[in-house]
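Understanding the architecture of this molecule
Each chain, letter by letter, is given below.
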Amino acid sequence: SSPPPPPSGPSAASIVDAINFRFANGHPSNSFSEAGVLVHQWDAFDTGYENGVPWRPCPHGSWCEKFSDRISGSLMNRRLPFMFDGRQSGFVV
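Residues numbered from 1 in each chain as written. Predicted model: local features only at pLDDT ≥ 70, side-chain atom pairs only at ≥ 80, totals over all residues. Heavy atoms only, no water.

Right, let's talk about the packing of aromatic side chains for a bit. Tallied over the entire structure, the rule returns 1 aromatic pair. When the ring of tryptophan 42 is compared with that of phenylalanine 91, the centres are 5.5 Å apart and the planes differ by 50 degrees; the resulting orientation is tilted. You can see tryptophan 42 sitting in the loop between strand E1 (37-41) and strand E2 (74-76) and its partner phenylalanine 91 sitting in strand E3 (residues 90-92), a full 49 residues away along the chain. (Phe/Tyr/Trp six-rings, centres within 6.5 Å; stacked < 30°, edge-to-face > 60°. Helix = DSSP H or I, 4+ residues; strand = E, 2+ residues; numbered from the N terminus.)

Now the structure itself:
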């Protein structure tokens, strides 16, 4: 017989609720989960942006190759709601 299906993960609604809770209740802390929500916005190091894959890091041989093992981020919460660039999109880390 075939193996059982893998367990289902959390629902999209529960993930959104958790992110909203962290944003609304974020405060100074050494714990990311208590401090707020970590967000990455597309920037000059996301060279895949022009190719429709902005989440990919700098490729080997490019000017930013030495930074390909990291991404920038902004820690946000209700008390500190500012993004690096209000015109760029990105994702919750």
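Scored by pLDDT, the protein has a mean of 85; 92% of the residues are at 70 or more. Within the protein, no element has a lower average pLDDT than E3, which sits at 87, and none a higher one than helix H1 (residues 12-25), at 96. (pLDDT = per-residue confidence, 0-100.)

If you trace the 3 strands from one edge of the open sheet to the other, you get E2-E1-E3, paired in antiparallel fashion. The two strands at the open ends of the sheet, each matched to only one other strand, are E2 and E3. Neighbour to neighbour, the strand axes of the sheet diverge by 30 degrees on average, direction disregarded. Taken together, the 3 bridges between E1 and E3 define a ladder with antiparallel strand orientation. The residue of E3 that forms the bridge with histidine 40 is phenylalanine 91. (Pairing = 2+ DSSP bridges. Axes fitted to C-alpha atoms, helices over the stretch in contact; angles between N-to-C directions.)

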